[in-house]
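Coordinates in review
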Amino acid sequence: MNNYPYVITISSEKGGVGKTTLATNLAIYLKAMHEDLPVSILSFDNHFTVDSMFELGGQAPRGSVLDLLLEMPGSQLLHTGQYGVNYIPSSLELAEIKGSIKGPMVLARLLAISGISGILIIDTRPELDILTRNALFAADRVLIPVKDMPSLENCRHIFQEFDKRGMDRRNLSLIPCLIDERIKYDGPFKDQKSLLRAFAINRGFRCMDLFISKSPKVESLNTNPEGKIYPILTHARWTDVHQQFTQLSGELLQAYRATAEPRASLFRQWLAAEEGRKKEAYFGRLSGLRPHCTLCGKPVLANDSARASHYCEASDGSFGGFVEQKCFIDFILATIFNVTREVPEDDPGRAVLTDAAGKTVFVFRPMLDNGAGTVDFHRFDMEGKPLSRKEYPLDIGTAGSFGNVLVKTLGNEEGKLRDGFVIFHPVSHEAPESIMAEDNYRRLAKLKGQIAEQLMGTTGD
Ligand SMILES: Nc1ncnc2c1ncn2[C@@H]1O[C@H](COP(=O)(O)OP(=O)(O)O)[C@@H](O)[C@H]1O
Ligand SMILES: [Mg+2]
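The sections below set out a description of the structure shown in this document. Worth saying up front: this structure is predicted, and the values here are computed from it rather than measured.

1. Focus: the overall build of the protein chain
When its secondary structure is counted, the protein chain shows 18 helices and 13 strands. Here the C-alpha atoms of the protein chain give a radius of gyration of 32 Å, more than 25% beyond the 23 Å that 2.2 N^0.38 yields for 461 residues. Dimensions of the protein chain along its principal axes, counting C-alpha atoms only, are 95 × 50 × 35 Å. Buried positions account for 38% of the 461 residues belonging to the protein chain. Excluding contacts between residues fewer than 6 apart, the proportion of contacts in the protein chain whose partners are at least 24 apart in sequence is 69%.

2. Regarding the packing of helix 15 (residues 325-337) against helix 16 (residues 348-357)
Angle between the axes and distance between the axes are the two parameters that describe a pair of packed helices. Running from N to C, helix 15 and helix 16 cross one another at 105 degrees; their axes reach a closest spacing of 10 Å. Between helix 15 and helix 16, the interaxial angle falls into the category roughly perpendicular. Taking contact as the criterion, the partners of Q325, F328, I329 and I332 in helix 15 are, on helix 16, R350, L353, T354 and A357. Of the residues in the contact of helix 15 with helix 16, the class split is 5 nonpolar, 2 polar and 1 charged.

3. Observations concerning the environment of P5
Secondary-structure assignment places P5 in strand 1 (residues 5-10). Judged by local crowding, P5 falls into the buried class, with 28 C-beta atoms found within 10 Å. For the pair P5 and L120, spaced 115 residues apart in sequence, the C-alpha to C-alpha distance is 5.8 Å. Among all residues touching P5, those that are not within four sequence positions of it are L111, S114, I116, S117, G118, I119, L120, P262 and A264.

4. So, the site of ligand 1
Taken together, 15 residues lie near ligand 1, and K19, T20, T21, V218 and E219 sit nearest. Put simply, the parts of the chain that give the shell around ligand 1 at least two residues each are helix 1 (19-33) and helix 11 (216-219). The biggest single contributor to the shell around ligand 1 is helix 1, with 3 residues. Of the residues that constitute the shell around ligand 1, the class distribution is 5 nonpolar, 7 polar and 3 charged.

5. Details of the sheet that holds strand 8 (residues 308-314)
Strand order in the open sheet formed by 6 strands is 9-8-13-10-11-12, and the pairing between neighbours is antiparallel. Unpaired on one side and paired on the other, strand 9 (320-324) and strand 12 (386-393) mark the two borders of the sheet. Across the sheet, the mean angle from the axis of one strand to that of its neighbour is 20 degrees, orientation sign disregarded. Bridging between strand 10 (residues 361-367) and strand 11 (residues 374-380) involves 7 bridges; their strand directions are antiparallel. Across the sheet, the residue bridging to P366 is V375, located in strand 11. Against the sheet, helix 15 contacts strand 8, strand 9 and strand 12, and its axis sits at roughly 80 degrees relative to strand 9.

6. Re the packing of helix 1 against helix 13 (residues 240-257)
Put simply, helix 1 and helix 13 touch, their axes get as near as 9 Å, and they point 70 degrees apart. Here helix 1 lies roughly perpendicular to helix 13, going by the angle between them. Here helix 1 and helix 13 pass one another in a crossing that is right-handed. Across from N25, L26, Y29, L30 and M33 in helix 1, the residues of helix 13 making contact are F245, T246, L248, S249, G250, L252 and L253. Considering only residue class, the contact of helix 1 with helix 13 consists of 8 nonpolar, 4 polar and no charged.

7. Quick notes on the nonpolar core
In this structure, V7, L26, A27, I41, L111 and I121 are the most contacted members of the largest nonpolar core, which totals 76 residues. Per-element tally for this core: the top contributor is helix 1, with 7 residues. If we skip the residues at most four places from it in the chain, A27 touches V39, I41, V85 and I121.

Criteria and cut-off values
- Residues numbered from 1 in each chain as written.
- Chains lettered and ligands numbered in written order.
- Predicted model: local features only at pLDDT ≥ 70, side-chain atom pairs only at ≥ 80, totals over all residues.
- Helix = DSSP H or I, 4+ residues; strand = E, 2+ residues; numbered from the N terminus.
- Rg over C-alpha atoms; globule rule 2.2 N^0.38 Å.
- Buried ≥ 20, exposed ≤ 12 C-beta atoms within 10 Å, placed from the backbone.
- Contact = placed C-beta atoms within 7 Å.
- Axes fitted to C-alpha atoms, helices over the stretch in contact; angles between N-to-C directions.
- Parallel < 35°, antiparallel > 145°, perpendicular 65-115°, else oblique.
- Nonpolar A, V, L, I, M, F, W, Y, C, P; charged D, E, K, R; others polar.
- Near = placed C-beta within 6 Å.
- Pairing = 2+ DSSP bridges.
- Left-handed = near helix turned anticlockwise from the far one by under 90°.
- Core = buried A, V, L, I, M, F, W, Y, C linked by C-beta atoms within 7 Å.

This is the structure we're talking about:
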């Protein structure tokens, strides 16, 4: 069996429409009808109905839905539950991490790599918050219980969410719930369910032919002296609702079997392709890099004995390379502080300078329209805030001068300098090339843009 779940999300912005009753009992019916099929359930609500229904004593807790969202593998969080249904325990702390969930695709990714198989049912809170949006995006099938006109009007937002994300509306259907069959109307729509269905169809919403009746027996299943919540399958077998759940589960099992690739599997393939694309760009950037120190020529990438301290790149991207730490500090000592004698590695002044350089972005910009040529030397902090600026002689042709570094990084074939600047950005000693990885490189590119904007405002005077 595949290690991807087929996801059924139960959602509605209205409370009290029967979401949790539908989610929990559906899990039990699906499992009862197909014993070999793993069926799991989780809830983003904080009322712990799932936990009280499925909890089996004697199991050490292994985390909750909170841990799932914090990237713990889903299959490790599944607890064996009653009626053969696995569950991931609920959490009271979801509200606190909501803000850190970046976008509606997080859960889809987590489920794609969760290792959970079979069918996974997700119960949601009665609001279209980021968790519900994630549960909708991850779903192969969404069921929206509606019991009256307000709940029907409300589901417009879920349909809009589907359209916005380019998802297939065919996987989304309303199911009339809590239908009181004693209520009859005069006119074309004889009862609640046909009225709801007619309104749904009128608004372009798909509505199931199936419906769930309101039953006093079902209502009583969570009111008993034991404080338990009993399943319809075991405690209300003789009701219409039992027949309806049997039929609904049969239909959903059919849809499950007819789905060759659940969304989690497609998402995983997409992730792999996306990774590949990122890796390609990453290797592309890496392969254009000079693996030797721009100043002295020593090899400086990971596993080399010399340590790179900064990545340097020409503003037009035509040069990318590293500088070795000792070499770069010697260069700064000589050009900025006029110290040309050997300063020992354990010299305190050198240590302070090395430390500060590790948190500083340096920019060299040649200024050629002023006779001899100078270099505009800037220091920025890691966020691109200017720290200092000064002009120094360019001294092209002199060993260890600004001019020589700029010829290597900004020089054309004839040794002439192009317009632009060179940026020196601190890198990690352990993995200097990680500056080329997607997020780091994007950050660097943004910083470079900010600095370029600031430099545009300055001239050689
Ligand atoms: N088919 C039904 N017949 C009668 N009462 C029901 C039925 N389904 C749910 N209920 C009751 O309706 C209330 C709301 O149901 P619940 O599943 O908690 O809705 P939601 O999760 O949408 O808030 C609960 O008290 C539940 O026992
Ligand atoms: Mg609920």
